[in-house]
Each structure stands twice: as structure tokens, then as C-alpha cells.
Number of protein chains: 2
Amino acid sequence: MAVKSEQTRQKLADTALHMFREIGFEKTTMRAIAAEAGVSVGNAYYYFASKDDLVHELYVQVQEEHAATAALALEGSGSLGSRLGAVLHAGLDVMAPYHAFGADFVSTAIRPTSPVNPFSEASTPAREASLAIFRLAVDGARPAVPRKLRADLPELLWLGYMGITLFWVYDTSPGQQRTRRLVDGAAPLMARGLSLARLPGAAKVLDDILSLSRSIRS
Amino acid sequence: MAVKSEQTRQKLADTALHMFREIGFEKTTMRAIAAEAGVSVGNAYYYFASKDDLVHELYVQVQEEHAATAALALEGSGSLGSRLGAVLHAGLDVMAPYHAFGADFVSTAIRPTSPVNPFSEASTPAREASLAIFRLAVDGARPAVPRKLRADLPELLWLGYMGITLFWVYDTSPGQQRTRRLVDGAAPLMARGLSLARLPGAAKVLDDILSLSRSIRS
DNA sequence: TACTATTTCTGAACACGTTCAAAACACGGG
DNA sequence: CCCGTGTTTTGAACGTGTTCAGAAATAGTA
């Protein structure tokens, strides 16, 4: 029966995620996961091709949770700065329990061949969900974001989110408050920077940044 | 005799770096390095505490070479944009032979506890040398960089260099030409962006960016 | 029920990075 | 010459992620 199979898979995933959170990446060995889940090592590999695959499972779950809480925070409308801040803080909230795990996570995720890599094929659904959140934040902003930016901004913001996550991983301050301050400072700053689009001198620079980012992407 | 000891160490380092370049990180096993160098595995560990330590050796060497070639390119003076471009291109030149190795390198380097980590204690000399290059690029720029930026800019540029390296690792275009284009576009753009410091509207934003970057750093 | 095909599961085995007790070596002082 | 001390080197052993041949359970069909 397909149900039993799904149960084993779930049990493995749940056990792994729990152990990652509680005792970290290295101590969570495949043998330990299998033992804790009550199956053999080989069986764990029947469901997950690698330990990285289990990390991917964690990534997907965190991303889903982020999308959900962020969508809630984005109901109604507000300035781009405040909306961006809400999305970023929601992300930090969701990741918080995994901070100790962060370094190992990033080190795995950054490998282009890893399923955990945010740009990888395997991460497409998670990445799209995350991008959608930033699109929502941009589209619902009042005053509205300049039209010429509206298409590119979400992706750039998502990229910035990756950067902030990186900063967060390195942030050993209590409660990662430095990252919180970074978000509080950067979100409105970014929004105000964009309003420079109306200054004649700055508009040209902004245009160049946009066209560079477009030309690089292909 | 201390000479023989140093010879063994050198032989191991040379062998490892050569193998990293030729056959990649994973295939370069400690056993293979030891065999190729004509010593036992245990002996390799007498000189290098870990495989990461050997990667650190590579990092230091690449950094030294970068500092040397960049210093050469910075003789005389020129615009900040062109000087920045020269430094960045010099970096790409030096790293080029290791592009295939890049992913594994970054994945190792990004782990905060690794000796390869650019922010780590072990990397302090290499990091300082690299920072010095950017300081040189900024100080020798004509027209001169606005005074209030001169202190912070080198570190920010170095950080940007880390970002470009990350981009380069992911860049699978032939000869990493997309990264080359990125440098060609971003270097003058950055310089022109700074010249906005004189526009009254933009100056405030720039000030805020600076003070944010300062407040975050502590 | 009995036979086959498919899915699920097992545990031994492999190569890896790393550790360590002990061997081999170098060398100055008696 | 040999002893003793410190340095250098060895190779077996450990625990890890991963693989795989085959066993066990299940599903499907007659």
C-alpha cells in the first residue's frame, strides 16, 4: 500500500528535520536518523538519495512557512519599505530555530550541484514561491513602484534576501539582532533609493544598473 | 634538519594544489595526495591538520598572486572605475585555472569554522593583503574619492569582490565572460554612483547607507 | 489458494577524512 | 659508541556517507 510507504518517508523526514534542529548537521548521521526512525540505513536511501536531499526537505519546509507567514503580513498595503521589512523579518522568524544549522546549510546550498541550491532544478518550486512573495510585496506597495522597475525588482530583492540570509548565518549577536537592524535599516533605505529614480542625474545610473542586470542574466 | 621537514611540507602542498587544479576537489583524496607525494597518510596530517588546511594553502597562494598582479596594474593613476576594473580583472585572471574547483572552494570557505573562510583568523594575512589592494585602488584614484567615503570604501569594495567571486563560481559561460561583462559594467557604474554624492537628494541616501554599514559592523 | 512481479527493506561492504600508538630517524652529550 | 630526547613517519583503525545484492513483504492475477 502506498500509504505505508508515505509514512516511512514522512517519519524519516520528520526525524531528520528534528535532529538537524536539535543536535546539528554533523551529529545527525544517516545511521542515527535511520535508527531513530526505526528503519535500516539502506531504507533511508531508498527514500532520499543523499543526506543533502534531507536538507533540501528542510529548505522546502522553511520556504513554505515563510511564504505563508509573509503573505499574512502583506495583507492590506503599505510603503515598499515597510512591506519589504515585513517579508524579511518573517523570513528571519521562520529561520530562527535553525540558526546553529545555518552554516552547514549554506555550505551545502551553495554547491551548484546540490539539490539544496536555491537556483537548482530541484528548488524551482521553493524558489518560485519565494519570488512570488517579493512580487506581492512590490505590487501591493503604495505609493506604487515606478513602472520600469516593477518587472525586475522582485528578483533583485530575492537576491538581496539571499545575501541577508548569508549575513544572518554569520551573525552571532544575541538573537541575531544585528541582522534585524540591517533589515530595519536597509528596507526603507532601499525604498528611498528607488525614489531617486525621479532625480535626473540619478535616473541614468539606475537605468544603467537595470540594463546591466538584464544583460548579465543571459 | 629543518630543511627536510620543510621539503616534505612543500612537496605535499605542491602536490595537493596541482591535483586540485587538475582533477578537482573530490578526486583529490588525502590518500592520493600522500601517495603522489611519496609519504604516508598520517604524515600528511602531521603537516596539515585537515584537507581544508590544504585548500587554505591554495587560497593564500591565489591571494598573493592577485595582490602582486593587481599592484602592477595599479601603478600610475586613473579613474576609480578603471582602477577598480583592473583589480577585479586581475583577480579573475588569477583564479581562472581554478574555476572548476571554485564551487567546492566556496562551499568550504563559507563555513565560519573553516580556516579557508575569508573572515577567519587563519585568513587574516590574506585578507589584509587583499584589502590593501582595494585601499591602493581607492587612494590612487583621480579624480579623488570624496573624503567621507575614503575610509569605508575599500572594505565595501572588498565585500563586493567576494560577491563577484561568488557570481564567477556560478558562471558557466565560456571563459566566464558574463563575469567579465559584469566587472566591465559594474566598475564604472559604481564609480559614477559615488559621484552622485554631490546631488543633494542622493547625498542623504548615501550617508544613510554609510552609517548603516558602520552600525552593522559592531 | 498458488504463482509471479513489484515495491519495500536489510545489512554488509566500500572509499573517504581523520586519529593515534608506536616505530624510525636525527643528533648532541657522555 | 651508545644513550636519551625530540622530531618525523608509518599504517592500522574508527566513524562517516553511500552503494548494492539480495531478502522480505505486498499486490496482482489465475
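What counts, and at which threshold
Each chain carries its own residue numbering, running from 1 in the written order of its sequence. Each chain gets a letter, beginning with A, and each ligand a number, beginning with 1, in the order they are written. Confidence filtering applies because this is a predicted model: local features only for residues at pLDDT of at least 70, side-chain atom pairs given and counted only at 80 or more, and all residues used for totals across whole chains, interfaces and linings. By convention in this description, side-chain values take in all heavy atoms of the structure and omit both hydrogens and water. A helix here means a DSSP run of H or I that spans at least four residues, while a strand means a run of E at least two residues long, and both kinds are numbered starting from the N terminus. Burial classification: accessible surface area is computed with a 1.4 Å probe over protein chains only, and a residue below 20% of its type maximum counts as buried, one above 50% as exposed, and the rest as partly exposed. In this analysis, two residues are considered to be in contact whenever any of their non-hydrogen atoms come within 4.5 Å of each other. For the accessible areas, the method is Shrake-Rupley and the probe is 1.4 Å, while residue cover comes only from the protein chains on display. Only four residue types enter the charge count, namely Lys and Arg as positive and Asp and Glu as negative; His and the chain termini do not. For the purpose of locating charges, the reference atoms are NZ of Lys, CZ of Arg, CG of Asp and CD of Glu. When we say a residue is near a molecule or strand, we mean one of its heavy atoms is within 4 Å of it. Throughout this description, a polar contact denotes any pair of N or O atoms lying within 3.5 Å of each other; where both atoms belong to protein, one of them has to be capable of donating a hydrogen while the other can accept it, and for residues adjacent in sequence the pair is counted only when both atoms sit in side chains. Under the scheme applied, nonpolar residues are Ala, Val, Leu, Ile, Met, Phe, Trp, Tyr, Cys and Pro; charged residues are Asp, Glu, Lys and Arg; polar residues are all the others, including Gly.

Within an unreviewed UniProt entry, the label attached to chain A reads TetR family transcriptional regulator, and the organism entered is Pseudarthrobacter enclensis.

**Student:** Even after reading the chapter, I still don't get the overall build of chain A, so can you show me in this structure?
**Tutor:** For chain A, the count of helices and strands is 11 helices and zero strands. For chain A, the α and β elements follow one another from N to C terminus as α-α-α-α-α-α-α-α-α-α-α. Principal-axis analysis of the C-alpha atoms gives chain A an extent of 65 × 40 × 30 Å. Buried residues in chain A amount to 49% of all 218 residues. When contacts within chain A are restricted to residue pairs at least 6 apart in sequence, those whose partners lie at least 24 apart make up 68%. Carbon and sulfur atoms make up 58% of the accessible area of chain A, which amounts to about 10,600 Å² in all. Taking the average place of the 23 positive charges on the side chains of chain A and the average place of its 22 negative ones, the gap between the two points comes to 6 Å.

**Student:** Please explain the protein's contact with DNA strand C as it appears in this structure.
**Tutor:** Inspection of the region around DNA strand C gives 20 residues, with Ser-40 and Tyr-47 of chain A together with Arg-31, Tyr-45 and Lys-51 of chain B positioned closest. Contacts to DNA strand C include Tyr-45 of chain B, whose side-chain N or O atom sits 2.8 Å from a phosphate oxygen. If you list the elements that add at least two residues to the surface near DNA strand C, you get α1 (2-23) and α3 (41-47) of chain A together with α2 (30-37) and α3 (41-47) of chain B. The dominant element in the surface near DNA strand C, judged by the number of residues it contributes, is α3 of chain A, at four residues. Tallied by class, the residues present in the surface near DNA strand C amount to seven nonpolar, nine polar and four charged.

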